[in-house]
Amino acid sequence: MLLVRWKPVLHCPPQGHRRRGFAWPRGPRRSLLLRRPIRSAAPAFLSISSSKFSQAGRARVRPVVRAGLAQTPSLADVENTEILFSETLSLKRSQTVEGKITVRLDPAVAEEEVSKWRLTIGCNLEGKWTLHWGVSYCDDLGSEWDQPPPEMRPPESVLIKDYAIETPLKRLSSQSERQALHELQIEFDSNTPIAAIHFVLKEEETGAWFQHKGRDFRISFTDYFEVANSVGGNQGLSIWPGGFDQISSLLLKAEESTSKKEDPDDEDGNVVKQNRCIAPIYKEFPILKEEFVPNHMTVSVRSSDKTDKNIVQFDTDLPGDVVIHWGVCKDDGRKWVIPSTPHPPATKIFRHKALQTLLQPKPDGLGSWGLFLVDQGTSGVVFVLKLNEYTWLNNNGTDFFIPIGSVSSTTAEIGSDDIVHEQQAGTEIHDVRNSLSPNNSYPLQNKSLEASDPKNINSLPMKPQGPEELIEAVAYTDEIIKEIRHLVTDISSEKGKRAKSKEAQENILQEIEKLAAEAYSIFRISIPGFVELASDTELLKPAVKLSSGTGSGYEILCQGFNWESHKSGRWYSELSDKAKELSSLGFTVIWLPPPTESVSPEGYMPKDLYNLNSRYGSLEELKDLVNSFHEVGIKVLGDAVLNHRCAHFQNKNGIWNVFGGRLNWDDRAIVADDPHFQGRGNKSSGDNFHAAPNIDHSQDFVRRDLKEWLCWLRKEVGYDGWRLDFVRGFWGGYVKDYMEATEPYFAVGEYWDSLSYTYGDMDHNQDAHRQRIVDWINATNGTAGAFDVTTKGILHSALEKCEYWRLSDQNGKPPGVVGWWASRAVTFIENHDTGSTQGHWRFPSGKEMQGYAYILTHPGTPAVFYDHIFSHYQQEISRLISVRNENKIHCRSTVKIVKAERDVYAAEIDGKLAVKIGPGHYEPPDGPTKWVVAAEGRDYKVWETS
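Owing to the predicted nature of the structure, the values given are computational and were not obtained by experimental measurement.

Comments concerning the overall build of the chain
Point 1. Summing up its helical and strand segments, the chain has 19 helices and 41 strands in all.
Point 2. Taking all 946 residues of the chain together, 55% fall into the buried category.
Point 3. Considering only contacts in the chain between residues 6 or more positions apart, those separated by 24 or more positions represent 71%.
Point 4. Accessible surface, the chain: about 42200 Å² in total, of which carbon and sulfur atoms supply 50%.

Quick look at the packing of aromatic side chains
Point 1. Scanning all chains against the criterion turns up 20 aromatic pairs.
Point 2. Seen in terms of ring centroids, Trp-731 and Tyr-734 are 5.3 Å apart; in terms of plane orientation they differ by 85°. Their pairing is edge-to-face.
Point 3. Residue classification places Trp-731 among the partly exposed residues on the basis of a relative accessible area of 42%.
Point 4. Ring centres of Tyr-866 and Phe-870 lie 4.8 Å apart, and the angle between their planes is 45°; this geometry places the pair in the tilted category. With respect to class, Tyr-866 is no different from Phe-870; both count as buried.
Point 5. Grouping aromatic residues by their ring pairs yields a cluster made of Phe-314, Trp-326, Phe-372, Phe-383 and Phe-400.
Point 6. Across the ring face of Tyr-745, the terminal group of Lys-635 is positioned such that the distance to the ring centre comes to 4.8 Å.
Point 7. Over the ring of Phe-701 we find Arg-668; its NZ or CZ atom is 5.2 Å from the centre of that ring.

So, unusual backbone geometry
Point 1. Looking along the chain, the bond that leaves Thr-341 and enters Pro-342 is cis, with omega of 5°.
Point 2. Among the secondary structure elements, Pro-342 is positioned in the loop between β17 (323-329) and β18 (347-350).
Point 3. Look at Phe-726: it is not a glycine, yet its phi comes out positive at around 45°.
Point 4. Residue placement: Phe-726 occurs in the loop between β30 (721-724) and α14 (732-742).
Point 5. On the basis of relative accessibility, which here comes to 17%, the residue Phe-726 falls in the buried class.
Point 6. Positive phi, close to 50°, is recorded for Tyr-759, a residue that is not glycine.
Point 7. Its location among the elements puts Tyr-759 in the loop between β32 (757-758) and β33 (761-762).
Point 8. Of the residues examined, Tyr-759 reaches a relative accessible area of 84% and is grouped as exposed.

Regarding the sheet that holds strand β25 (residues 557-559)
Point 1. Strand order in the closed barrel formed by eight strands is β25-β26-β27-β30-β31-β34-β35-β36, with parallel pairing between adjacent strands. Strand-to-strand twist in this sheet, taken as the mean axis angle between neighbours without regard to direction, amounts to 30°.
Point 2. As defined by bridge partners, β30 adjoins strand β31 (residues 746-749) across four bridges and the pair is classed as parallel. When the bridges of β31 are listed, Arg-723 appears paired with Val-748.
Point 3. Set on the sheet, helix α15 (residues 767-779) makes contact with β31 and β34 (785-787); between it and β34 the angle comes to about 150°.

Brief notes about the side chain of Ser-136
Point 1. If you trace the backbone, Ser-136 turns up in strand β4 (residues 129-137).
Point 2. Judged by its relative accessible area of 9%, Ser-136 is buried.
Point 3. Beyond its immediate chain neighbours, meaning those up to four positions away, Ser-136 contacts Glu-144, Ile-194, Ala-195, Ala-196 and His-198.

Details of the nonpolar core
Point 1. Counting residues in each nonpolar core, the largest one holds 119 residues, and the members touching the most others are Leu-582, Leu-592, Phe-629, Tyr-852 and Ile-917.
Point 2. Examining the composition of this core, we find that six residues originate from one element, helix α13 (residues 700-716), more than from any other.
Point 3. Leave out the neighbours within four places in its chain, and Phe-629 touches Leu-575, Ala-579, Leu-582, Ile-590, Leu-592, Ile-634 and Val-636.
Point 4. Counting 30 residues, the second-largest nonpolar core is a separate cluster that includes Val-97, Met-152, Ile-194 and Phe-199.

A word on the pairing of strand β37 (residues 895-900)
Point 1. Pairing analysis gives five bridges linking β37 to strand β38 (residues 905-909), with the strands arranged antiparallel. Bridge pairing links Ala-900 to Tyr-905 in β38.
Point 2. Connecting β37 to the antiparallel partner β38 that follows it, the hairpin turn spans four residues.

Considerations on the sheet that holds strand β40 (residues 931-937)
Point 1. With antiparallel pairing, five strands are arranged side by side in an open sheet as β37-β38-β39-β41-β40. Edge positions in the open sheet fall to β37 and β40, since each of these has one partner strand only. Averaged over all pairs of adjacent strands, the angle between their axes in this sheet comes to 20°, without regard to strand direction.
Point 2. Sheet analysis places β40 next to strand β41 (residues 940-945), joined by six bridges and oriented antiparallel. Counterpart to Ala-935 in the pairing with β41 is Val-942.
Point 3. Along the sheet, helix α17 (residues 848-855) makes contact with β38, β39 (913-917) and β41, crossing β39 at roughly 155°.

Regarding the confidence of the model for the chain
Point 1. For the chain, the average pLDDT comes to 75, and 68% of its residues sit at 70 or higher.
Point 2. The model gives residues 224-274 a pLDDT under 50, and that stretch makes 125 contacts with residues more than four places away or in other chains.
Point 3. Contacts from residues 523-547, a stretch scored under 50 in pLDDT, to residues over four places away or in other chains number 36 contacts.

Structural notes on the environment of Ser-565
Point 1. Structurally, Ser-565 can be placed in the loop between β25 and α10 (571-576).
Point 2. By relative accessible area, which is 3% here, Ser-565 ends up buried.
Point 3. A C-alpha to C-alpha distance of 7.3 Å links Ser-565 and Tyr-616, two positions 51 residues apart in sequence.
Point 4. Of the polar contacts made by the side chain of Ser-565, one reaches the backbone nitrogen of Asn-562; its length is 2.8 Å.

Details of the pattern of salt bridges
Side-chain pairs of opposite charge can arise whenever the charged atoms involved come near each other.
Point 1. Counted by the stated rule, this structure contains 34 salt bridges.
Point 2. With a closest N to O distance of 3.8 Å, Glu-183 and Arg-104 form a salt bridge. Pair noted here: Glu-183 is in strand β8 (residues 182-189) and Arg-104 is in strand β2 (residues 83-107), with a separation of 79 residues, a long-range link.
Point 3. For Arg-104, a relative accessible area of 25% gives the class partly exposed.

Overview of the environment of Ala-692
Point 1. Structurally, Ala-692 can be placed in the loop between β29 (656-658) and α13.
Point 2. Overall, Ala-692 belongs to the buried group, its relative accessible area being 1%.

Looking at the environment of Leu-880
Point 1. Structurally, Leu-880 is set in helix α19 (residues 874-886).
Point 2. Accessibility expressed as a relative area gives 1% for Leu-880, which makes it buried.
Point 3. Note: C-alpha distance between Leu-880 and Ala-935 (55 residues apart in sequence) is 6.7 Å.
Point 4. Setting aside anything within four residues of it in sequence, one finds Leu-880 in contact with Met-849, Tyr-852, Ala-853, Leu-856, Ala-935, Tyr-940 and Val-942.

Structural notes on the pairing of β30
Each regular strand shows side chains that alternate between the opposite faces of the sheet.
Point 1. Of the two faces of β30, the one lined by Gly-721 and Arg-723 and the one lined by Trp-722 and Leu-724 are each fully buried.
Point 2. With four bridges joining them, strand β27 (residues 635-640) and β30 adopt parallel strand pairing. Each bridged residue has a counterpart across the sheet, and for Gly-638 the counterpart in β30 is Trp-722.
Point 3. Crossover connection from β30 via α14 to parallel β31: handedness right-handed.

A few points about the packing of α17 against α19
Point 1. For the pair α17 and α19, the least separation of the axes is 10 Å and the interaxial angle reads 10°. As summarised for this structure, α17 and α19 are arranged roughly parallel, according to the angle between their axes. For the pair α17 and α19, the contacting residues are Met-849, Tyr-852, Ala-853 and Ile-855 in the first and Glu-876, Ile-877, Leu-880 and Arg-884 in the second.

Conventions adopted
Residues numbered from 1 in each chain as written. Predicted model: local features only at pLDDT ≥ 70, side-chain atom pairs only at ≥ 80, totals over all residues. Heavy atoms only, no water. Helix = DSSP H or I, 4+ residues; strand = E, 2+ residues; numbered from the N terminus. Buried < 20%, exposed > 50% of the residue type's maximum accessible area, 1.4 Å probe, protein only. Contact = heavy atoms within 4.5 Å. Areas by Shrake-Rupley, 256 points an atom, 1.4 Å probe, with all protein chains shown as cover. Phe/Tyr/Trp six-rings, centres within 6.5 Å; stacked < 30°, edge-to-face > 60°. Lys NZ or Arg CZ within 6 Å of the ring centre and 35° of its normal. Pairing = 2+ DSSP bridges. Axes fitted to C-alpha atoms, helices over the stretch in contact; angles between N-to-C directions. Core = buried A, V, L, I, M, F, W, Y, C linked by side-chain atoms within 4.5 Å. pLDDT = per-residue confidence, 0-100. Polar contact = N/O pair within 3.5 Å; in protein donor to acceptor, adjacent residues only side chain to side chain. Salt bridge = Lys/Arg side-chain N within 4 Å of Asp/Glu carboxyl O. Right-handed = clockwise from strand over helix to strand, strands pointing away. Parallel < 35°, antiparallel > 145°, perpendicular 65-115°, else oblique.

And the structure:
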């Protein structure tokens, strides 16, 4: 929880104005200097997502009338009172700005050379705009892009793999009503065999892509057909809707001729040819963009001469109606309590837990202000700001906290030198808050595995726990016990004995032992007890070390890059600047890109494994980045590409299969059944990746070298665990060997293959798909989890086609891996392959927050994509993470699906949370359990128990 150190500087709202019940006595005006906003030396920057604010008219909130309601003070009453502390917070909100995209086609030169044409694409909004584009040719089949010919590429264009290029739009020196602010011109010859130009727009500063249901903008130049020698058809230019998420649907159809034929051959068997007759055209398309707008709020604490209360003064330049949703704390806890009367005007009680007060508007209309009376015995005021029905402003996912009872003593203990030192060190307010907030302290988090070593257990102070902590521990260990019983039943059944080899049965027994040890460690931490001194005999016993690779169960994973992150050449340094912000948002683990030298700049075609100077930065920059995350309590995963490796040299046949560097393997390290690289190893134990030599993990020297390399990475770089690339390519048993050698805190594999479809429609039953993922996890002996590709695919169909019934399997359980083995399922909706500029399997546009509402409330370990974190979704994602943490939802939480129909899905998790996604209606039923709204947005809502 945030503890703000206040400065004795006053920021007064306007005076001399009678408004909403405040009595303003006549008197001299105070100096205008007191009205200027005070800027903190180290302000807290707060990001929110909002819709457009209405500037016209304020909604009236009827004050709540109570017996004994006293007159609240006015500015005239308090202007001479002692100012205890004051601070100005810098706020950052987003608002929607309307603009337009222009597409214009004109002849490029004089009329005698009509084959030269110029396509101009413009945008009239501020920002740094880039056109991501490609072409298709007349003889192409399908919808794949190709790069345009060199003579067609404007200056400053950058090649994107082999299918597209990116070209920045240039800022124009002047802008008229019809012209754009940014513009790009593409010249081409109409005689070239180009059938169409495809593009999407990207705003570099926010990372936002403007797309519409995953389709690209398409400008077609083959819009009519010619039969034999007769001319006719559809002449002109067609522009089809494509990749703009927030552009209205458009379809420009040229005049149609009755002689147009849909069949490529006419009735006489003549071949129908594509032909073109390009005509000038100009078209505008509306676009909506989220822009950040800076605002401020000044909060002052003052003493009262006439009462035994303190006066808290709020002053903000936020536009429109601003409602303070607030309460007080009676002790060091952060439990909200309704303050005693008198309450400010325009105040109402919210669910018997808090007050909602509409701030008074300033006379100039530039913001709002208010005065609140608070008992001196209270420890502080907690509040959030409500701007409209769906927009709440808080402090990075948690509540604002203003210390009242201890501000004087706190300041007396902190000298001016200490404050200056903290500001110079770059101390941020939200870090202090996170370190002190009890809401961010979870009894079971990070302890279950750390304490599994008996030496650690005996060294821990065993202070008695309360009933709530005991209930949490029992519920958590119950899930582990269920897993143990399931494994025991599996291995003891006659069918299981016949089907499983001795080695497989031993693997299951080892898994049971690990689960039992984990449950026991939690039990030891949770029960009341006393510190006992270990005997000499106990001290001599070897420690039992657990390395399940699944962390504490409370992890929230952040993917710390996208497909374009390598381009700056200094990604490690750029990401290091975001470490504190990511920690404040609630992330506990971050996945970094592949660190090795690579043929491809993204890192997924590794070459010299010990060369860690990559397109993302140097080895030293990587080590600094890992240290910066460790300093804020975030574990770091390295992206280990173990399936394949690019060679340094050719063999005598000209095949690239001889490796260099420290691991100078020969062709024995390559599988024998890959026809491209003439390997002399054994046959592959998985699927082949044909772009590079597939490594034969059955070779002892290969496994020995890879284990040595992974252990070196852990020691040299400081990685805490692994994200394993393309694990379909080799047997999970080899992964078990690598995990046991490196003992990662957390590990997750990418096992991605296609779901089950029938005639193009996804099957409801995806058991076969998730079984393949579970089989791989089983092969690793549970030492690594796997990305829940099944859940992502089902969410695609459910949300895109409004088929929310898909989110329940035939047994009423979640239909993905999370429904079968939740503790090993890493849920996600997007990553660098499926989204970003690759877009191989992009999540339904505009429905991302429904996906996050699902995975951040359900069991499993949720993963959030970098592009979504640093976008207008950040505030909503942060709130969902906060709700998950506050209610201690973990990877083994239980799910009770209460509704799975065409247009709505609803479930209860651990009896603490209720979630609903979809446009349909659902509200938790009234009863002994009281539910209050914890988070909500477009087509989703989350409740928690009160």
